[in-house]
Amino acid sequence: MLLLHLSDVDENSWATKLRDALGGYRVVQRGDDFDPREVRYIFVWKPKADAFDGLTGLRAILSLGAGVDALLKHKALPDAPIVRFVDADLSQRMSDYVVAHVTMHHRLYTRFRADQTARRWTQLYPPAASETTVGIMGMGVLGQDAAKRLLPLGFTLRSWSRTPKTIDGVTGFAGQENFDDFLAGTDILVNLLPLTPETTGILNLETFRKLRRKLDGGPAIVNAARGGHQKEADIVAALTDGTLGAASLDVFETEPLPQDSPLWAIENCYITPHIAAISSETTGVRYFSQMIRDHEAGKPLINVVDRQRGY
Ligand code: NDP
Ligand code: OXD
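Caption draft 1: Structural detail: the domain arrangement of the protein. Taken as a whole, the protein is organised into domain 1 (2–87 + 279–296) and domain 2 (88–271). Contacts between domain 1 and domain 2 engage 11 residues on the former and 8 residues on the latter. Summed over both partners, the interface of domain 1 with domain 2 comes to about 750 Å²; 54% of that surface belongs to carbon and sulfur atoms. Among the residues of domain 1 in contact with domain 2, Asp69, Asp87 and Ser280 are the three that bury the most area, contributing 57% of the side total. At the junction of domain 1 and domain 2, the tally comes to 1 salt bridge. Linking domain 1 with domain 2 are 4 residue pairs in polar contact (both at pLDDT 80 or more). When the residues that make up the side of domain 1 that touches domain 2 are grouped by side-chain class, the tally is 3 nonpolar, 4 polar and 4 charged.

Spelled out as structure tokens, the structure:
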């Protein structure tokens, strides 16, 4: 039996589609009459405190989110394997966001918009893409997809990950010991890291000061991972004093971003409400129903979270 426990999304719609996809396999929702001991899989997004109560026969926890930082903090998380969402459609959507914002900063959008507002004709030429280095923090599923889509646009690319990576056309840096070298050659910093104790608050003033100052107006950051990665007070200070030329932020320390956040009013800050990459019902249903069928047939789970690493 599969139990759905999805908050802030249309759970009924997911349930209907999963029932269709899984044929005779029983799919239940919280209000239904069922024996919790018979639940073998639970499909979760923002699970409530009692989400796992009584689920003594659980074989896997299926996470609608690609990021599992919040799930791993659940006070009553059972010991079952956690499968996260890995999906080509999700990656494409994230890369769409990354490409849009990287390109915008590379073409000095902030500068030309200010000139337009001031009716100022200043022929400042943006650098060629090849003269601009995009540094991607996190070279996993999403980081690699973003690199694949930025490369044909001509950008110079570098990446930073926990373990070394060899990817054509991308200069790889790994580990804390190489973080400063990675930053020193980066003009536009893209964050696609998972949120773990090691990466919490990594987007801070000290990090920003280490970025290369080659782009007109200063380096830019693009954060599409988690709000916990960023110190918003530091971003406000950096955007105000010119340490950063611009910031694109899709995620925030508190979501929704509070009305009184100074970020709303900063001209060189580009805010989107955690929509960089939404999980598609169509591909999600395909992915998770196949996962359940395969696992019931004796195949191993894939994309299982390493709880020790935290992602
Ligand atoms: P992956 O697990 O595939 O990749 C994570 C990458 O980060 C890996 O390259 C890993 O290194 C690296 N990493 C982890 N810890 C460290 C560290 N301490 N130092 C350096 N590098 C580190 O994740 P995904 O690419 O699938 O997703 C990334 C994040 O994107 C998710 O965790 C989620 O929070 C966020 N996200 C945001 C969405 C949005 O709409 N805003 C939508 C979807 C996801 P290594 O390769 O060596 O293991
Ligand atoms: C995710 C997200 O982790 O939507 O998938 O943020």
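Caption draft 2: Structural context of the packing of aromatic side chains. Under the definition given, this model contains 10 aromatic pairs. An angle of 40° between the planes, with centres 4.3 Å apart, marks the rings of Trp160 and Phe179 as tilted. Taken as a pair, Trp160 in strand 7 (residues 156–161) and Phe179 in helix 6 (residues 179–184) lie far apart in primary sequence, 19 residues in all. The exposure class of Phe179 is buried, given its relative accessible area of 5%.

Caption draft 3: Structural view of the side chain of Asp187. Looking at where Asp187 falls in the secondary structure, it is placed in the loop between helix 6 and strand 9 (188–191). Under the relative-accessibility criterion, Asp187 is labelled buried at 1%. In this structure the side chain of Asp187 is engaged in a polar contact, spanning 2.8 Å, whose partner is the side chain of Arg212. What Asp187 contacts, discounting residues up to four positions off in sequence, is Glu131, Thr132, Thr133, Arg212, Lys214, Leu215, Pro219 and Ala220.

Caption draft 4: Expanded view of the site of ligand 2. The local shell around ligand 2 consists of Trp45, Gly65, Ala66, Gly67, Arg226 and His274. A distance of 2.8 Å separates an oxygen atom of ligand 2 from a polar backbone atom of Ala66. At 2.8 Å, a side-chain N or O of His274 approaches an oxygen atom of ligand 2. Expressed as a share of its isolated accessible area of 210 Å², the protein-covered part of ligand 2 is 85%.

Caption draft 5: The arrangement of the sheet that holds strand 1 (residues 2–6) in detail. Within the open sheet, the 5 strands sit side by side as 2-1-3-4-5. Their pairing is parallel. Two strands bound the open sheet, and with one partner strand each, they are strand 2 (27–29) and strand 5 (82–83). Two elements, strand 1 and strand 3 (residues 41–45), share 5 bridges in a ladder whose sense is parallel. Bridging from a neighbouring strand, His5 pairs with Val44 of strand 3. Here helix 9 (residues 281–296) sits on the sheet and contacts strand 1, strand 3, strand 4 (60–63) and strand 5; the angle it forms with strand 3, its principal contact strand, is near 155°.

Caption draft 6: Inspection of the layout of surface pockets at higher detail. Size it by volume and the second largest pocket reaches roughly 150 Å³. Asp69, Leu72, Lys73, Leu195, Thr196, Pro197, Thr200, Arg307 and Gly310 are the residues that line the second largest pocket. Its residues assigned to classes, the lining of the second largest pocket comprises 3 nonpolar, 3 polar and 3 charged. Summarising the domain contributions, the lining of the second largest pocket has at least three residues from each of domain 1 (2–87 + 279–296) and domain 2 (88–271).

Rules behind the numbers
- Residues numbered from 1 in each chain as written.
- Chains lettered and ligands numbered in written order.
- Predicted model: local features only at pLDDT ≥ 70, side-chain atom pairs only at ≥ 80, totals over all residues.
- Heavy atoms only, no water.
- Domains from an automatic or database assignment.
- Contact = heavy atoms within 4.5 Å.
- Buried area = accessible area lost by both parts, 1.4 Å probe.
- Salt bridge = Lys/Arg side-chain N within 4 Å of Asp/Glu carboxyl O.
- Polar contact = N/O pair within 3.5 Å; in protein donor to acceptor, adjacent residues only side chain to side chain.
- Nonpolar A, V, L, I, M, F, W, Y, C, P; charged D, E, K, R; others polar.
- Phe/Tyr/Trp six-rings, centres within 6.5 Å; stacked < 30°, edge-to-face > 60°.
- Helix = DSSP H or I, 4+ residues; strand = E, 2+ residues; numbered from the N terminus.
- Buried < 20%, exposed > 50% of the residue type's maximum accessible area, 1.4 Å probe, protein only.
- Near = heavy atom within 4 Å.
- Areas by Shrake-Rupley, 256 points an atom, 1.4 Å probe, with all protein chains shown as cover.
- Pairing = 2+ DSSP bridges.
- Axes fitted to C-alpha atoms, helices over the stretch in contact; angles between N-to-C directions.
- 1 Å grid on protein atoms, 1.4 Å probe; cavity = no way out; pocket = protein on both sides within 12 Å on 5 of 7 lines; lining within 4 Å.
- Points joined across faces, edges and corners; volume = space filled by probe spheres on them.

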